[in-house]
Amino acid sequence: MKLARLASRQLRDRPWCVAFVWLLPAALLPAVPIDETRYLSIAWEMRQSGDVIGLTLNGHPYMDKSPLLFWLINGAWALVGVSTLAARLVSICFAAGAVACVVGMARRLRHPDPAVAGWILLPFVMFGAFTPIAMFDVPLVFFVALGFLGFIRWLQGEVRIGAALVLVAFALGLLMKGPVYLVHLLGPVATVRWWRSHPVERPFRVATGIGACVVLSSIPLAAWAVASAMHVGGVSVIDTLAYHSVGRVSNSFAHSRSVLWYLPWVLPFLLPWALLVRWKRLRHNLRAALATSAGRFGVSATLPAFVLFSLISGKQLHYLLPLLPGMALLLASLPRGEEGAFSFPRVRILLLSALLAWAWFVATTIMGTRGDATWYVAAGVSLVLLLLGASVARTWGDTGEGERLRKASFASLMALVASVLLLGMHVDAHMDPSGLATVVKDLQRRGVVVAAVNDEPGMITYLARLAEPLPEVTDPVAWARDNPSGLVLVHAGHGSPPTFVENAVILRDGWEGLVPARHLAQVRR
């Protein structure tokens, strides 16, 4: 008990430390197709070739993404060895950094209990779902929060350190995700007079400085784009620069999703706080929150970006993840007291739901095909996390509003991590490409010819630790004639796999598996 109380006191104002609980699903869950497996394969090909400039996928130039994530994954592999966990550690560290930045922002904006903002950010469902995955979104959240923090410090008179933070955040944010990063900064910059509630000193100088930071921070991305185009050969430097400056944003308008597509997802996106908030008092509480600088900044950091992303036709829910730091500040600014903004006992609903899900998954596994050792470890860890969250939820007592919020956040986080473990292990039974990768590696070892179609998304290159990408089938008929006993790795974006497909992995959209040469023409018409 003494140890638990000591840990509680140490973590009370350090919520970023709790983010490392995501190491559990990161260590236990398989790589997620097809995005995470694709990015891991790009990083693996970078490691195998030693080329840190020209990104490749299946041996072909890959110009769709900026390079920073792949550099960081290779850096993690160089430090601790090649593994999926090491690659995911990058995202987890950025999640912890984002929480720390939000706490710093709340402190600079004179929130009476700044750590609360970090505790609010931690258990957001979408934030947690993407934290243990090697993707771009959570690192982007960190760079957005770091840019916010630098801008606030700049305006508060710490010009040198504030400008340095802004410049670093801008440069690395662009190298992580491209120009879309700057969309998230527009709101606080454009509405600075409103959320500060008093004029900016030397506004022309600040505006000039921000403009200079944008220009200077674009240099690393532009330099990489030019070097990559020249390095690859056959790729226009001008076209590459245009694509990585405005093309990646303007191309989003080519997709067809309604301007209202995000609206039905707002409440699920804000879970668990959408469940805990007292909706009857929301208007009154928002009015009180908007009387604070932190609350107004939260609105400036979320609403303008939400509107802009709604106008862009290309939509994915995880594109909105960088809105969460601002939302955490807004929720942290809601008033406290007897009629506070949140109903914390509702956390028990989350815990009970997660516990029922745990019982259902365990029962179906026991009655059906028994899971492997990893499944049982995940089930045991999930149960421990749920019990830990329940034990915290039982101790509301007469503690203050801030302590109850911390406990609610911790209990919600435990329920979320347990749920991600359970769902991940369930999906593992259907979508885990590790078995397919093992088969490909074994076939190569036995001398069986294995190739891939030209649109295969690099699902097994990293997982199989291939020394080089699989050769590409350009003419299915000729290849089948020359390699009658060969197998081809085929990816289909829709439908179910035919019966002749071997080791098929069922994906959310389509499937991937090995097709014997004699059947290749049937799937590549």
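Fair warning: this is a prediction, and the values are worked out from it, not measured in the lab.

## Focus: the packing of aromatic side chains
Where two aromatic rings form a pair, the distance of their centres and the angle of their planes describe that pair. In total, this model carries 19 aromatic pairs according to the counting rule given. Taken together, a centroid distance of 4.9 Å and an interplanar angle of 85° make the contact between Tyr39 and Phe136 edge-to-face. Placement of Tyr39 in helix H4 (residues 35-49) and of Phe136 in the loop between helix H8 (125-130) and helix H9 (137-155) is noted, with a sequence separation of 97 residues between them. With respect to burial, Tyr39 and Phe136 carry one shared label: buried. Look at Phe170 and Tyr181: their rings are 5.8 Å apart centre to centre, the planes differ by 75°, and that puts the pair in the edge-to-face class. Placement of the pair is Phe170 in helix H10 (residues 159-177) and Tyr181 in helix H11 (residues 180-190), with a sequence separation of 11 residues. Taken together, Phe148, Phe151, Trp195 and Phe297 form an aromatic cluster joined through their ring pairs. The ring of Phe136 carries Lys65 above its face, with NZ or CZ at 5.4 Å from the centroid.

## Points about unusual backbone geometry
The omega torsion of the bond from Pro33 to Ile34 falls at 0°, within 30 degrees of zero and hence cis. Mapped onto the elements of the fold, Ile34 is located in the loop between helix H3 (23-28) and H4. Even without a glycine there, the phi angle at Ser197 is positive, about 65°. Tracing the backbone through its elements, the reader meets Ser197 in the loop between helix H12 (192-196) and helix H13 (203-232). Its identity is not glycine, yet Arg465 carries a phi of approximately 50°, on the positive side. Checked against the element boundaries, Arg465 lands in the loop between strand E3 (450-453) and strand E4 (472-473). Accessibility expressed as a relative area gives 31% for Arg465, which makes it partly exposed.

## As for the confidence of the model for the chain
When pLDDT is averaged along the chain, the result is 88; 90% of the residues meet or exceed 70. Taken element by element, the chain is modelled with least confidence in helix H14 (residues 237-250), mean pLDDT 56, and with most confidence in helix H6 (residues 84-108), mean pLDDT 97. Every residue in residues 250-255 is under pLDDT 50, and counting partners more than four places away or in other chains gives nine contacts.

## Regarding H4
Between its first and last C-alpha, H4 extends 21 Å over 15 residues, near the 21 Å set by a 1.5 Å rise per residue. Among the 15 residues in H4, 11 count as buried, and that is most of the element. Taken as a whole, H4 has its buried residues at Glu36, Thr37, Arg38, Tyr39, Leu40, Ser41, Ile42, Ala43, Trp44, Glu45 and Met46. Close packing links the buried residues of H4 with strand E1 (56-57), helix H5 (68-80) and H6. Phi for Gly50, located one or two positions after H4, is positive at around 75°.

The rules behind the values
- Residues numbered from 1 in each chain as written.
- Predicted model: local features only at pLDDT ≥ 70, side-chain atom pairs only at ≥ 80, totals over all residues.
- Heavy atoms only, no water.
- Phe/Tyr/Trp six-rings, centres within 6.5 Å; stacked < 30°, edge-to-face > 60°.
- Helix = DSSP H or I, 4+ residues; strand = E, 2+ residues; numbered from the N terminus.
- Buried < 20%, exposed > 50% of the residue type's maximum accessible area, 1.4 Å probe, protein only.
- Lys NZ or Arg CZ within 6 Å of the ring centre and 35° of its normal.
- pLDDT = per-residue confidence, 0-100.
- Contact = heavy atoms within 4.5 Å.
- Expected span 1.5 Å × (residues − 1).

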